[in-house]
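This is what each chain is made of:
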Amino acid sequence: MKLTQRPLLCAGLLGAALVLTACSGEADKAAPAKVEAPADPNLVKAGDNLGNIIKLGTVAKVELSDTLRVAGQVDFDEQRVTRIGATVTGRVTELQATLGQQVKVGDTLAVLNSTELGAAQLTYMKARAQAQLNERNVERAQQLFAADVIGSAELQRRESELSISRAEQRAAADQLRVLGVSAKSLEKLSSNGTINSVSPVVATMAGTVVERRVTQGQVVQPSEIMFSVADLSRVWVVAEVPEQQAAAVRPGQNIQVEIPALGQQLTAKLIFIADTVNPATRTVMVRSELDNSDRALKPAMLATVLIEARPTARLVVPATAVVRENNKDYVFVEVGAQQYKLTEVALAAAIGDMRPVLGGVAEGTKVVTDGAFHLNNERKRKELE
């Protein structure tokens, strides 16, 4: 009896153990496994090797001035340019000035033969002769009136004729002056009575002949321009500023002028800002003046004008804080003790060593200003691991 019960007890204990084992396996299958959350790839912890490299700064507003780069060109100083034409209608019989020639005031540029000038001189001589005749008539009339031979009415008539003839002489003389006859030439004409149909075209300003529009034998009118003479010791630099940026410039401010042909950057001053907008280009014309005593600057040379706009308060980060990845800009923002997060930001073009912030970080945020490059390398290394 005892021997029989012992095997049965062992079998029962074994069955219970098997049941418990099966239940434990099913319980293990039913319980969910714990999965660790993946690490943020943009989060990096600086080790001791980076501690001495990394420096922090605060995103803040500073006064910044944008530099406008606008296209321009060298031009004549219009106050130092004169356009010379004929004073009478005539035919060009001689050309004495050539392009690039240096001339002085009074130098002859060309010679014309003008029948109009001859006719005007003849009119003057007739008026002068008539005035002289009327002067003698008045003298005789005064003598006759004193002798009671003629009455006062006759004397007054002859005095009136003298006044008219003198007025006609003055008008004829004024016409000759309009036609370019000098006072000395007019005096010579009055003394010897020789009519001269030759009219010189003379320089009215000292400078360089920069334009010649006539050829020998050509008939010219007073309205036509024959020569242009310019003083090139000073020149203008003219540029077009977009109307959206025109409010940022002001007269009197210093600008930089780059002349690509000369490889030079010159300092100038804005002397004029147009009051109107060019409707075709939507730009405002600005002008500066440069010394050109060495004649290195040539009108029509291309130039780039750099204008510093009025300073405004803008949110900025140092250029050294910016990390460039996949054509996007990032900065490392401090999120804890020696912990930094790579954060995408929208930035404007650099102004000096600063980058204006358009979005992504707020004012007062602490960012890595020095060591961002090394910190980003550490982030990439850990990401690969």
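For the structure, check the block above.
Here's what I pulled together on the structure shown here.

The rules behind the values
- Residues numbered from 1 in each chain as written.
- Predicted model: local features only at pLDDT ≥ 70, side-chain atom pairs only at ≥ 80, totals over all residues.
- Heavy atoms only, no water.
- Helix = DSSP H or I, 4+ residues; strand = E, 2+ residues; numbered from the N terminus.
- Buried < 20%, exposed > 50% of the residue type's maximum accessible area, 1.4 Å probe, protein only.
- Contact = heavy atoms within 4.5 Å.
- Areas by Shrake-Rupley, 256 points an atom, 1.4 Å probe, with all protein chains shown as cover.
- Pairing = 2+ DSSP bridges.
- Axes fitted to C-alpha atoms, helices over the stretch in contact; angles between N-to-C directions.
- Arc of directions from axis to C-beta.
- Parallel < 35°, antiparallel > 145°, perpendicular 65-115°, else oblique.
- Left-handed = near helix turned anticlockwise from the far one by under 90°.
- Nonpolar A, V, L, I, M, F, W, Y, C, P; charged D, E, K, R; others polar.
- Polar contact = N/O pair within 3.5 Å; in protein donor to acceptor, adjacent residues only side chain to side chain.
- Phe/Tyr/Trp six-rings, centres within 6.5 Å; stacked < 30°, edge-to-face > 60°.
- Lys NZ or Arg CZ within 6 Å of the ring centre and 35° of its normal.
- Core = buried A, V, L, I, M, F, W, Y, C linked by side-chain atoms within 4.5 Å.

### Side note on the overall build of the protein
Counting its secondary structure elements, the protein contains six helices and 23 strands. For the protein, the proportion of its 385 residues judged to be buried stands at 34%. Sequence separation of at least 24 residues holds for 74% of the intrachain contacts in the protein that already meet a minimum separation of 6. Counting every atom, the protein has about 23,100 Å² of accessible surface; 53% of that belongs to carbon and sulfur.

### So, the sheet that holds strand E13 (residues 234-242)
Read once around its circumference, the closed barrel built from six strands follows the order E4-E13-E16-E15-E14-E17, with strand pairing classed as antiparallel. Adjacent strand axes in the sheet meet at a mean angle of 40°, parallel and antiparallel pairs treated alike. Bridge analysis of strand E14 (residues 254-259) against strand E15 (residues 264-273) gives six bridges, and the strand direction is antiparallel. By the bridge assignment, Glu-258 is partnered in E15 with Gln-265.

### Focus on helix H5 (residues 183-192)
Along H5, the residues that are buried comprise Leu-186, Leu-189 and Ser-190. Axial view of H5: buried residues confined to an arc of 95°, hence all on one face. Projecting away from the buried face of H5 at angles above 90 degrees are the exposed residues Lys-184, Glu-187, Lys-188 and Ser-191. The inward-facing, buried residues of H5 abut helix H3 (115-146) and helix H4 (152-178). Phi turns positive, to about 70°, at Gly-193, one or two residues after H5.

### Focus on the sheet that holds strand E11 (residues 219-220)
A sheet is described by the order of its strands in space; here four strands give the open sequence E9-E8-E6-E11, paired in antiparallel fashion. Both outer strands of the open sheet, strand E9 (198-202) and E11, are each paired with one neighbouring strand and no more. By the bridge criterion, two bridges tie strand E6 (residues 90-95) to E11 in an arrangement that is antiparallel. Bridging from a neighbouring strand, Arg-91 pairs with Val-219 of E11.

### Thoughts on the packing of H3 against H5
Viewed as axis vectors pointing N to C, H3 and H5 meet at an angle of 55°, and their least axial separation amounts to 11 Å. The angle between H3 and H5 falls in the class oblique. For the element pair H3 and H5, the recorded crossing hand is right-handed. Residues Gln-121, Tyr-124, Met-125 and Arg-128 of H3 form the contact with H5, whose own contacting residues are Leu-186, Leu-189 and Ser-190. Grouping the constituent residues of the contact of H3 with H5 by class yields four nonpolar, two polar and one charged.

### Quick look at the pairing of strand E17 (residues 302-308)
With respect to burial, E17 is a largely interior element, five of its seven residues being buried. Bridge count between E14 and E17: four bridges; the pairing is antiparallel. If you follow Gln-256 over to E17, its bridge partner there is Leu-306.

### Some words on the side chain of Ser-228
Tracing the backbone through its elements, the reader meets Ser-228 in strand E12 (residues 227-230). For Ser-228, a relative accessible area of 3% puts it in the buried group. Engagement of the side chain of Ser-228 in a polar contact is seen with the side chain of Glu-211, the distance being 2.7 Å. Once residues lying within four places of it in the same chain are set aside, the contact partners of Ser-228 are Thr-82, Arg-83, Thr-208, Val-209, Val-210 and Glu-211.

### Observations regarding unusual backbone geometry
Look at Arg-295: it is not a glycine, yet its phi comes out positive at around 60°. Note that Arg-295 resides in the loop between strand E16 (283-291) and E17.

### Here's the deal with the packing of aromatic side chains
According to the stated counting rule, one finds zero aromatic pairs in the structure shown. A cation sits over an aromatic face here: Arg-287 above Trp-236, 4.0 Å from the ring centre.

### Quick notes on the nonpolar core
In this structure, Leu-112, Tyr-124, Leu-176, Met-226 and Phe-227 are the most contacted members of the largest nonpolar core, which totals 29 residues. Elements represented by at least two residues in this core include exactly strand E8 (108-113), H3, H4, H5 and E12. For this core, the leading source of residues is H3, giving five residues. Phe-227 has contacts with Thr-82, Arg-83, Ile-84, Leu-95, Ala-97, Leu-109, Ala-110, Val-209, Glu-211, Arg-212 and Val-214, leaving out every residue within four places of it along the chain. Formed by 24 residues, the second largest nonpolar core is a distinct cluster that contains Leu-68, Val-74, Val-286 and Leu-290.

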